[in-house]
Amino acid sequence: MSRPNVLLITVDDMNYDAPGFASAHSAALDVTPNIDALARQSRWFVHAHVAAAICQPSRQAMMTGRYPHNNGAPGFHPIDPSIPTLQEHLREAGFINGILGKVDHLAPQQKYRWEYVREMSELGQGRDPGKYYRFAAEFLDRARSGRRPFFFMANS
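A quick note: this is a predicted structure, and the numbers were derived from the prediction, not measured.

**Q** Tell me about a nonpolar patch on the surface, and please be specific about residues and values.
**A** A cluster of nonpolar side chains, Leu 7, Ile 9, Val 11, Met 14, Phe 21, Ile 35, Leu 38, Trp 44 and Val 46, forms an exposed patch at the surface whose accessible area comes to about 750 Å². Looking at the nonpolar patch, the elements with two or more residues in it are strand S1 (6-10) and helix H2 (33-40).

**Q** Outline the environment of Trp 114, supporting the account with residue identities and numerical values.
**A** With respect to the secondary-structure elements, Trp 114 resides in the loop between strand S2 (96-100) and strand S3 (116-118). With a relative accessible area of 12%, Trp 114 lands in the buried category. Once the C-alpha coordinates of Trp 114 and Ile 99 are considered, the two residues, 15 residues apart in sequence, prove to be 6.9 Å apart. Beyond its immediate stretch of four places on either side in the chain, Trp 114 contacts Gln 87, Asn 97, Gly 98, Ile 99, Leu 106, Phe 151 and Met 153.

**Q** Report on the side chain of Arg 118, specifying residues and quantitative values.
**A** Among the secondary structure elements, Arg 118 is positioned in strand S3. Within the local environment of Arg 118, its side chain forms a polar contact with the side chain of Glu 138, the two groups lying 2.7 Å apart. Apart from residues lying up to four places away in sequence, Arg 118 is in contact with Ile 99, Leu 100, Gly 101, Val 103, Leu 123, Phe 135 and Glu 138.

**Q** Hey, could you go over the sheet that holds strand S4 (residues 150-155) for me, with residue numbers and the actual values?
**A** Ordered by their spatial adjacency, four strands build an open sheet running S1-S4-S2-S3, and the pairing between neighbours is parallel. Two strands in the sheet have a free side with no partner beyond their single neighbour: S1 and S3. With strand direction ignored, the average angle separating the axes of adjacent strands in the sheet is 5°. Sheet topology note: the S2/S3 ladder contains three bridges and is parallel. Its bridge partner lying in S3, Leu 100 is registered against Arg 118. Against the sheet, helix H3 (residues 55-64) contacts S1 and S4, and its axis sits at roughly 170° relative to S4. In the packing of helix H6 (residues 129-145) onto the sheet, contacts are made with S2, S3 and S4, and the angle to S2 comes to roughly 175°.

**Q** Tell me what's going on with the pairing of S4, and back it up with residues and numbers.
**A** With six of six residues buried, S4 is to be regarded as a mostly interior element. The side-chain alternation of S4 yields two buried faces, one formed by Phe 150, Phe 152 and Ala 154 and the other by Phe 151, Met 153 and Asn 155. In terms of strand pairing, S1 meets S4 through five bridges, oriented parallel. Looking at S4, one finds that Ile 9 is bridged to Ala 154. Summarising the sheet, S2 and S4 pair through five bridges and their orientation is parallel. Counterpart to Ile 96 in the pairing with S4 is Phe 150.

Calculation criteria
- Residues numbered from 1 in each chain as written.
- Predicted model: local features only at pLDDT ≥ 70, side-chain atom pairs only at ≥ 80, totals over all residues.
- Heavy atoms only, no water.
- Patch = residues over 30% accessible without salt bridge, like charges linked within 9 Å, V, L, I, M, F, W, Y side chains within 5 Å.
- Areas by Shrake-Rupley, 256 points an atom, 1.4 Å probe, with all protein chains shown as cover.
- Salt bridge = Lys/Arg side-chain N within 4 Å of Asp/Glu carboxyl O.
- Helix = DSSP H or I, 4+ residues; strand = E, 2+ residues; numbered from the N terminus.
- Buried < 20%, exposed > 50% of the residue type's maximum accessible area, 1.4 Å probe, protein only.
- Contact = heavy atoms within 4.5 Å.
- Polar contact = N/O pair within 3.5 Å; in protein donor to acceptor, adjacent residues only side chain to side chain.
- Pairing = 2+ DSSP bridges.
- Axes fitted to C-alpha atoms, helices over the stretch in contact; angles between N-to-C directions.

Below is the structure:
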């Protein structure tokens with residue numbers, strides 16, 4: 001059975017209708033042509049909501065499948081070590097897990113099982129597209145050479 005690769009892109013402080021694919025107004029401005037092209041061949045989650053009004057608990061809720069008050073991290077805290085993470089399950093299934101930026105927003109780090117990590121300081125504090133491209137290509141080459149499906153989280 002074929003296993004899908006997963007690319008999860010998160011952006012702090014961005015409205016749902018900011019990228020072109022999500023808004024006729026933004027599409028007319030052609031502000032996100034590459035994201036729009038990716039969206040045309042991707043699955044969208046249009047009826048989703050964040051679990052908290054701040055970034056770290058929201059990211060940890062996505063990776064545990066539990067609300068922040070149920071995973072032990074209602075604020076900027078690590079999750080309870082007994083809570084399973086998506087990355088643990090994917091690694092057991094043979095996936096390679098990679099992350100760009102916001103690494104410290106998923107804690108404790110041993111629960112997330114990242115095999116490829118690039119910190120925000122290596123990414124121009126999330127503002128250097130060339131570095132994102134270079135590190136994404138490096139990760140994808142690693143997944144391809146290992147013939148492993150991947151989970152890749154790019155945070156900006």
